[in-house]
Amino acid sequence: VRDWNGVAQVVLRSPRGASARVSLHGGQVVSWRNDRGEELLFTSSKAIFKPPNAMRGGIQMCFPQFGYSGTLERHGFARNRIWALDDEHPLVNHNNDSGSKVSVDLILKPSEDDLKCWPHCFEFRLRVSLSKDGDLSFMSRIRNVNGKPFSFSFAYHTYLSVSDISEVRIEGLETLDYLDNLTHKERFTEQGDAITFESEVDRVYVSSPNVVAVLDHEKKHSFVIRKEGLPDVVVWNPWEKKSKTMVDFGDEEYKQMLCVDAAAVERAITLKPGEEWTGKLELSAVSSTNCSDQ
Ligand code: TA6
């Protein structure tokens, strides 16, 4: 654990030199580097570092909602809270079928103020792991602690770093239905080939497969996204006009980023007292030469 401008962060390192930095503010992954030291996540050069608020970029935990609604702050409060190391087993090395991983376990429980705006007793346990090959994975376990039933939506709000958004394609979402946030969640059906980008995109692809590929040949790597328990994929790029409305985002930065969020948005998840939900995400950054066989 290291102190980073007054913010506690945990640095995970793989034997080949890959790394990930997890901030206890928001449970946010603020950096993920491959074994050549290249940064794989986008963080805005104008990101406002004002703990405990989430800074623009990285991978943010959006809970108990993804999106906007009356009482709760946008995308929920989990990304704007100070998490704690889960004292049961904060830093674990565990060998499992995919070889050794290093992990950190964090936990978030509601404060008195949180309970005022969202009156449900929950425990959100988050395990962030880095495999020996540099893959970054997340396991979120959210439990209803003997309250009344509650419902929530969830997203791993993931800012991927790309070379040039106009060169990027997403494979795996073809022919799916999506809700278009630009037209008040109107429902459309995606056409039959890879998704490319030439203007603002803000969509929730529903009932999506558990493997999605973001191909960025310019940058010599592509991302493979594997998920479990998360039926939807949010795809967002603000493009030029929207970028200019965000103080913590550079006017041209939309060219170097793409949000592809494993999520549960269309249908809220409901937990009865004592029940627990698990949502898993694994990100691999593969060199373009072998991304086709992913
Ligand atoms: O669909 C993604 C989205 O909801 C966009 O509408 C945009 O608001 C983005 O999330 C970023 O949200 P944030 O709260 O991080 O600025």
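What you see is a predicted model; the values in this text were computed from it and never measured. (Residues numbered from 1 in each chain as written. Predicted model: local features only at pLDDT ≥ 70, side-chain atom pairs only at ≥ 80, totals over all residues. Heavy atoms only, no water.)

**Q** Just checking my understanding: could you explain the overall build of the chain for this structure?
**A** Of regular secondary structure, the chain possesses two helices and 20 strands. For 294 residues, the compact-globule estimate of 2.2 N^0.38 gives 19 Å, and the chain sits close to it at 18 Å. Overall size of the chain, expressed as C-alpha extent along the three principal axes, is 45 × 45 × 40 Å. Here the chain holds 294 residues, and the buried ones make up 53% of them. Relative to all contacts within the chain whose residues are 6 or more apart in sequence, the contacts with residues 24 or more apart total 64%. Across the chain, the 36 positively charged side chains and the 43 negatively charged ones have centroids separated by 4 Å. (Helix = DSSP H or I, 4+ residues; strand = E, 2+ residues; numbered from the N terminus. Rg over C-alpha atoms; globule rule 2.2 N^0.38 Å. Buried < 20%, exposed > 50% of the residue type's maximum accessible area, 1.4 Å probe, protein only. Contact = heavy atoms within 4.5 Å. Lys, Arg positive; Asp, Glu negative; His and termini not counted. Charge placed at Lys NZ, Arg CZ, Asp CG, Glu CD.)

**Q** Can you help me understand the state of the cysteines in this one?
**A** Defined simply, a disulfide is a covalent bond joining two cysteines at their sulfur atoms. The final tally for this structure, using the stated rule, is zero disulfides. Sulfur of cysteine 62: no disulfide; nearest cysteine sulfur belongs to cysteine 259 and is 9.2 Å away. Residue classification places cysteine 62 among the buried residues on the basis of a relative accessible area of 0%. With no disulfide of its own, cysteine 117 lies 13 Å from the sulfur of cysteine 121, the closest cysteine sulfur. Cysteine 117 gets classed as partly exposed once you look at its relative accessible area, which sits at 29%. (Disulfide = S-S within 2.5 Å.)

**Q** Can you walk me through the packing of aromatic side chains in this structure?
**A** How two aromatic rings sit relative to each other is given by the distance of their centres and the angle of their planes. In the structure shown here, the tally under the stated rule is 22 aromatic pairs. Seen from their ring centres, phenylalanine 77 and phenylalanine 122 are 6.2 Å apart, and the 35 degrees between their planes marks the pair as tilted. A residue pair is termed long-range when its members are at least 10 positions apart, and phenylalanine 77 in the loop between strand E5 (59-62) and strand E6 (84-85) and phenylalanine 122 in strand E9 (residues 122-131) qualify at 45 residues. Classification of phenylalanine 77 by relative accessible area gives buried; the value is 0%. Exposure remark for phenylalanine 122: the relative accessible area of 2% places this residue in the buried category. Put simply, the rings of Phe63, Phe77, Trp83, Trp118, Phe122, Phe124, Phe138, Phe150, Phe152, Phe154, Tyr156 and Trp277 pair up and form one aromatic cluster. (Phe/Tyr/Trp six-rings, centres within 6.5 Å; stacked < 30°, edge-to-face > 60°.)

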